[in-house]
Every structure is written in structure tokens, then in C-alpha cells.
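Residue strings, one per chain:
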Amino acid sequence: MESSSKGLLTHVTQFWNLLDDLAESNPEGYEKFIQQQLKEGEQFCAAPEPQLCLQTRILKPKEKILFINLCQWKRIPAPQSNTHPVPLSVGRPEDMSENSDVYTVIDVAYNPDVLQAAEKDEVRKNQLIQMAMKCIEEKLQLTLSHSYSITKFRIKGSIQRMKQNLMRMQTNPTDLREKMRKELTLEQITNSGSNPDDFQLLLPKDEVSSKTRCLIEEISSTESQVEMKEPAYELEIVADQNEKPLKIEIKVELPGINSASLCDLSVSEDDLLIEVPEKYRLHLNLPESVDTEMTTAKFIKEKATLIVIMPLV
């Protein structure tokens, strides 16, 4: 461990020495490198934003209504040219219910420039939509109806849920470790940029519309496709003596779980998401808007039950 720390310190020292040399010998190159790092940092931290929502159907393996949220996300790189692949990111499908209707929501993200250019070109917009559907079919082993309608609302479900879903997508840790092992040279710093090998080609050329030879690239993800069980739960709206609703209380049974640290809880004003990796997943649309800052949760170990208390707005 000590030798590993010394080695890391040596690499960091070499890196800063290279930057000092670059600042002295090539101020323009130094400024270009710093600006590039700031730009990439801003893109990496940016959150996806909803653009439009499509309604279609899953035909196989089980017929169901499907909503596709097309989102713009600065973290997704733009294609290098009209003949280069178009990168996109596909979130995992999430089943939801509204009244008695059950449907699936899938989030798909493109670079903002790609979607904004398509807003002015209906042919291009339709092509991007068809590409997203094809990518969903390939990635998730589904058969979709390619007839669709654009809804009046921009997003199905909450924005927070969409952000959490898409922002799980990340570069494979093995690839990151391999990149960290490479020596950083002055030339690499000066000419730093995005690497096309970071993306995985999904569609072959002959499967894309001949009007515009555009391919799809899907950003890799380490997200496992383990199917998680929906736990049993009770939802109660607690009112005061005058029957004025005060708060929502949800009790979730999580058999086999003995620690609150294993539970991932996320609450927005209108929905709640509870996940226990590879075991349980519960997503609920809340009947009333809640105060997220005043929301509290406690885990009763003896009963393996999570209790979430959400005051109403």
C-alpha cells in the first residue's frame, strides 16, 4: 500500500511538472488544455434535460404501453460529422402505474446540438426517434411498434427520476483503470480530446436509413440487468382532527435486509424511489406534493421495515 501511494504521488508530481513546463514553453497550449478540462468537467457534471416524450407500444415479450423520454444531455458527445456515428445513452426500463393503467418508461439521451438541429427538420427528427427505438430493441431485447405519437407533455414521470436513471450510466471501471495506467506525456496534454473508442457501435450500416448514413453509438454502462422484486408496502395519508391532510407515511417491508445502509431512498415532490441493489425496487407516484427537505426515514431492524414520513407541501 505504501509503495502504491508513493507511485501515485510520483505520477501526480510528474503531471504538475508537465503542466508547469507547458505553461512556460507554450502558454497558448496550456490555456487550451485548461479550458478543455473545464469544458469537459462542465459537461460531465451537467444533468440531462427533457426534450419531448413519445408514446408507442411494446409488442414483445409482453404487450404494454411505452413512453420514451427523449432528453438532451451535454455529457453525450456530438457526432464528429454527418457521416460519423451518433452517440446516445439508453436508461433502463421502469414500470409505472397510474390509476389502473400500467406502462413502461424508457429514457434516451442525445447531445443537445443533435436534438436542436432535428427540431428544424422533421425527417431528421423522425430518424432520431427511429434510431432510439432500434437501440432500445437491440439493448433490451424488445419488439416495439414503430408507430408513435408525440405527447403534449415533455416528460413522463418526474424529472428527478429521469436524471437518476440516466446518470447511472458510466464508463466501465476496468476501462478507467486501463486509462490511468497509461503514461501522460506533454504531447497528450497538448492534444487532449475525446476518444472514439470510449463508445460501442450498436447498429451496422445496412440497418440505418439510406437518406442519411447515420449510425448509433451507445455509451457503455456497468448497470446490471438484474430484475428486482417490488416489496410489499402500505401508504397512508395522515390527517389532523379537522381531516386536513398533513403527511404521507409509507411502510415498506424488506425481508432479508438488516441495515438501512443497504437501502437507496430518493424522494421528489411527486414521487418516491426505494432500491436495494439486486433485491428490491419500489417506485411510487405520490398522491400529494410533499416537502422533500422535511422528509424523514427510519429502518426498524427487527421487522425489516423502512418507514418514510413525508410532510405535505
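Above: the structure in question.
Residues numbered from 1 in each chain as written. Predicted model: local features only at pLDDT ≥ 70, side-chain atom pairs only at ≥ 80, totals over all residues. Heavy atoms only, no water.

Asks: What should I look at first to understand helix α3 (residues 112-119) in this one?
Replies: Note that an α-helix has 3.6 residues per turn; residues three or four places apart therefore point the same way. Three or more residues of α3 are buried, namely Pro112, Val114, Leu115 and Ala118. Mapping the buried residues of α3 onto a view down its axis gives an arc of 165°, with all of them on the same face. Packing partners of the buried residues in α3 comprise β1 (49-60), β2 (64-72), β3 (86-90), β5 (101-110) and α4 (122-140). The N-terminus of α3 is capped by Asn111, whose side-chain oxygen sits 2.9 Å from the backbone nitrogen of Asp113. (Buried < 20%, exposed > 50% of the residue type's maximum accessible area, 1.4 Å probe, protein only. Helix = DSSP H or I, 4+ residues; strand = E, 2+ residues; numbered from the N terminus. Arc of directions from axis to C-beta. Contact = heavy atoms within 4.5 Å. Polar contact = N/O pair within 3.5 Å; in protein donor to acceptor, adjacent residues only side chain to side chain.)

Asks: Help me out: how do you make sense of the environment of Lys301 in this one?
Replies: Here Lys301 shows up in the loop between β15 (296-300) and β16 (305-311). In the structure, Lys301 is positioned 42 residues away from Ser259 in sequence and 6.7 Å away in space, judged by C-alpha atoms.

Asks: Looking at this structure, how should I read the sheet that holds β16?
Replies: Two modes of strand pairing occur in sheets, parallel and antiparallel, and in both the strands are linked by backbone hydrogen bonds. Spatially, β10-β11-β16-β15 is the arrangement adopted by the four strands of the open sheet, whose pairing is antiparallel. Of all the strands in the sheet, just β10 (233-239) and β15 have a single pairing partner and so form its edges. Taken over all neighbouring pairs, the strand axes of this sheet differ in orientation by 15° on average, direction set aside. Relative to β16, β15 runs antiparallel, the two being bridged by five bridges. Counterpart to Lys298 in the pairing with β16 is Ile307. (Pairing = 2+ DSSP bridges. Axes fitted to C-alpha atoms, helices over the stretch in contact; angles between N-to-C directions.)

Asks: Would you mind showing me how to read the pattern of salt bridges here?
Replies: Pairs can form between side chains of opposite charge once their charged atoms are near each other. Enumeration over the complete set of coordinates arrives at nine salt bridges. The residue Glu122 makes a salt bridge to Lys125 at a minimum N-O spacing of 3.7 Å. Of this pair, Glu122 and Lys125 both sit in helix α4, separated by three residues, roughly a single helical turn. Residue Glu122 is classed as exposed on the basis of its relative accessible area, which comes to 54%. Arg281 is the partner of Glu275 in a salt bridge, and the nearest nitrogen-oxygen pair spans 3.1 Å. Comparing Glu275 with Arg281 shows no difference in burial state: the two are buried. (Salt bridge = Lys/Arg side-chain N within 4 Å of Asp/Glu carboxyl O.)

Asks: Help me understand the side chain of Glu137, please; the structure alone is not making it clear to me.
Replies: By the element assignment, Glu137 lies in helix α4. Among buried charged residues, Glu137 stands out as having no salt bridge; its nearest opposite-charge side chain is Lys134, 4.5 Å away. A polar side-chain atom of Glu137 sits 3.2 Å from a polar atom in the side chain of His146. Discounting chain neighbours no more than four positions away, the residues touching Glu137 are Leu142, Thr143, Leu144 and His146. (Lys, Arg positive; Asp, Glu negative; His and termini not counted.)

Asks: How should I be thinking about the nonpolar core in this particular structure?
Replies: When a protein is soluble and globular, its nonpolar side chains tend to lie buried together. In terms of nonpolar packing, the biggest core is built from 25 residues, with Ile68, Leu70, Ile106, Val108, Tyr110 and Ile136 touching the most fellow members. Of all the elements, α4 adds the most residues to this core, at eight residues. In contact with Ile136, other than residues within four places in its own chain, are Ile68, Val90, Ile106, Val108, Gln141, Leu142 and Leu144. (Core = buried A, V, L, I, M, F, W, Y, C linked by side-chain atoms within 4.5 Å.)

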